[in-house]
Amino acid sequence: MRIYAIGDIHGQLDMLKAAHARIDADKERVGDHDARVLHLGDYVDRGPDSAGVIQYLMDGIDEGKPWRVIRGNHDRMFTRFVRHGIAHDDHIKSGKSWLHPALGGTSTLASYGVEAEDGAFEIAHMRAAKAVPEAHLDFIENAPLTYAWGDYLFVHAGIQPRLPVERQTEDDLIWIREGWLDYHGPLPFTVVHGHTALDEATHFGNRIDIDTGAGYGRPLTVLVIENSHEQIVTETGRAHLTHANPG
């Protein structure tokens, strides 16, 4: 009857553990220890411990905890660089590489003990390929792009609003903003997503954005959905979810 969702984590292991502590306290209060916890992607980049975040999630799932993960755009940039040395993505219009401080790839590699700098792609790739465990790459690459639950669809970035789920492309599911964030029409489900950081989690009528900028040191948000009612899970209990003014 309920599900929890955690926004973009971006290497913030301490914040992630604190988010799970809030969820555990909420589960204890309602007596539902089996409710699923969904993570909306972007496990790496910018924050101090991307490697720790991935290992923490892997360990919890291996222990049988009811956790689910989906893949984000930063996760794909990470695996592409480690696997193939691809440092650029066409969706970064500025042309910045994954190793640029704004994207945070150097922080991710540092969490694996790899020193890297923007522009020195070949040597960084060689070091990363040796340092990053295959299991971490497999974990990210095998993560699905969407998760459906009741009248909700969970995805990292969003969807092309006029296409059915089965026709959505990976690029749209992990990168989309244009044509999505400004779409206010009906959808066959409420989309819960991250990717676009806000000051606070917000319900826009047809979608709920729960990325609140943990990658920039801002809070990591937990959403709980129970009987089609959405709230934020805080350290002191549940709180109201902000609704955007339709005007």
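Note that the structure is a prediction, hence the values are computed from the model and not measured.

Let's talk about the overall build of the chain
Thinking step 1. Each helix and strand counted, the chain has 7 helices and 12 strands in total.
Thinking step 2. In terms of C-alpha radius of gyration, the chain reaches 18 Å, essentially the compact-globule figure of 18 Å for 247 residues.
Thinking step 3. For the C-alpha atoms alone, the extent of the chain along its principal axes is close to 50 × 40 × 30 Å.
Thinking step 4. Of the contacts made within the chain by residues no fewer than 6 positions apart, 62% connect residues no fewer than 24 positions apart.
Thinking step 5. Counting only carbon and sulfur atoms, one obtains 49% of the accessible surface of the chain, whose full area is about 11,300 Å².
Thinking step 6. Seen as two clouds, the 23 positive and the 37 negative side-chain charges of the chain have centres 2 Å apart.

Thoughts on the sheet that holds strand S4 (residues 146–149)
Thinking step 1. Strand order in the open sheet formed by 6 strands is S4-S5-S6-S8-S7-S12, with mixed pairing between adjacent strands. Only two strands of the sheet have a single partner each, and these edge strands are S4 and strand S12 (242–243).
Thinking step 2. Where strand S7 (residues 202–203) and S12 come together, 2 bridges link them in parallel fashion. Bridging across to S12, Thr202 finds its partner in Thr242.

Description of the pattern of salt bridges
Thinking step 1. In the structure shown here, the tally under the stated rule is 14 salt bridges.
Thinking step 2. The residue Asp26 makes a salt bridge to Arg238 at a minimum N-O spacing of 2.8 Å. With Asp26 in helix H1 (residues 13–30) and Arg238 in strand S11 (residues 237–239), this pair connects stretches of sequence that are 212 residues apart.
Thinking step 3. Asp89 is the partner of Arg80 in a salt bridge, and the nearest nitrogen-oxygen pair spans 3.8 Å.
Thinking step 4. Residue classification places Asp89 among the buried residues on the basis of a relative accessible area of 8%.
Thinking step 5. If you follow the salt bridges from partner to partner, you end up with Arg2, Asp26, Arg29, Asp32, Glu226 and Arg238 in one network.

Some details on the sheet that holds strand S9 (residues 222–226)
Thinking step 1. Taken together, the 6 strands give an open sheet; going across it, the order is S3-S2-S1-S9-S10-S11, and neighbouring strands pair in mixed fashion. Single-partner strands in this sheet number two, and they are strand S3 (67–69) and S11. Each strand of the sheet is rotated relative to its neighbour by a mean of 30 degrees, with strand direction disregarded.
Thinking step 2. Bridge analysis of strand S1 (residues 2–6) against S9 gives 5 bridges, and the strand direction is antiparallel. When the bridges of S9 are listed, Ile3 appears paired with Ile225.
Thinking step 3. Where H1 meets the sheet, it contacts S1, strand S2 (36–39), S3, S9, strand S10 (229–234) and S11, and its direction lies at approximately 165 degrees from that of S1.

Focus: the nonpolar core
Thinking step 1. By size, the foremost hydrophobic cluster in this structure holds 57 residues, and its most contacted members are Ile6, Tyr43, Ile54, Leu57, Phe78 and Ile159.
Thinking step 2. The leading source of residues in this core is helix H2 (residues 50–62), at 6 residues.
Thinking step 3. If we skip the residues at most four places from it in the chain, Leu57 touches Leu16, His39, Tyr43, Trp67, Val69 and Phe139.
Thinking step 4. By size, the runner-up hydrophobic cluster in this structure holds 16 residues, among which are Leu38, Leu40, Tyr152 and Leu223.

So, the environment of Asp90
Thinking step 1. With respect to the helices and strands, the residue Asp90 is situated in the loop between helix H3 (73–84) and helix H4 (105–110).
Thinking step 2. It is 33 Å that separates the C-alpha atoms of Asp90 and Asn245, two residues lying 155 residues apart in sequence.

A few points about unusual backbone geometry
Outside of glycine, negative phi angles account for most residues, and trans bonds account for most peptide bonds.
Thinking step 1. Phi angles above zero are rare outside glycine, and His10 is one such case at about 50 degrees.
Thinking step 2. Of note, His10 is situated in the loop between S1 and H1.
Thinking step 3. Overall, the relative accessible area of 4% leaves His10 in the buried class.
Thinking step 4. Even without being glycine, Asn227 reaches a positive phi, approximately 55 degrees.
Thinking step 5. Locating Asn227 in the fold gives a position in the loop between S9 and S10.

What counts as what
- Residues numbered from 1 in each chain as written.
- Predicted model: local features only at pLDDT ≥ 70, side-chain atom pairs only at ≥ 80, totals over all residues.
- Heavy atoms only, no water.
- Helix = DSSP H or I, 4+ residues; strand = E, 2+ residues; numbered from the N terminus.
- Rg over C-alpha atoms; globule rule 2.2 N^0.38 Å.
- Contact = heavy atoms within 4.5 Å.
- Areas by Shrake-Rupley, 256 points an atom, 1.4 Å probe, with all protein chains shown as cover.
- Lys, Arg positive; Asp, Glu negative; His and termini not counted.
- Charge placed at Lys NZ, Arg CZ, Asp CG, Glu CD.
- Pairing = 2+ DSSP bridges.
- Salt bridge = Lys/Arg side-chain N within 4 Å of Asp/Glu carboxyl O.
- Buried < 20%, exposed > 50% of the residue type's maximum accessible area, 1.4 Å probe, protein only.
- Axes fitted to C-alpha atoms, helices over the stretch in contact; angles between N-to-C directions.
- Core = buried A, V, L, I, M, F, W, Y, C linked by side-chain atoms within 4.5 Å.

The values are spatial; any link to function lies outside them.
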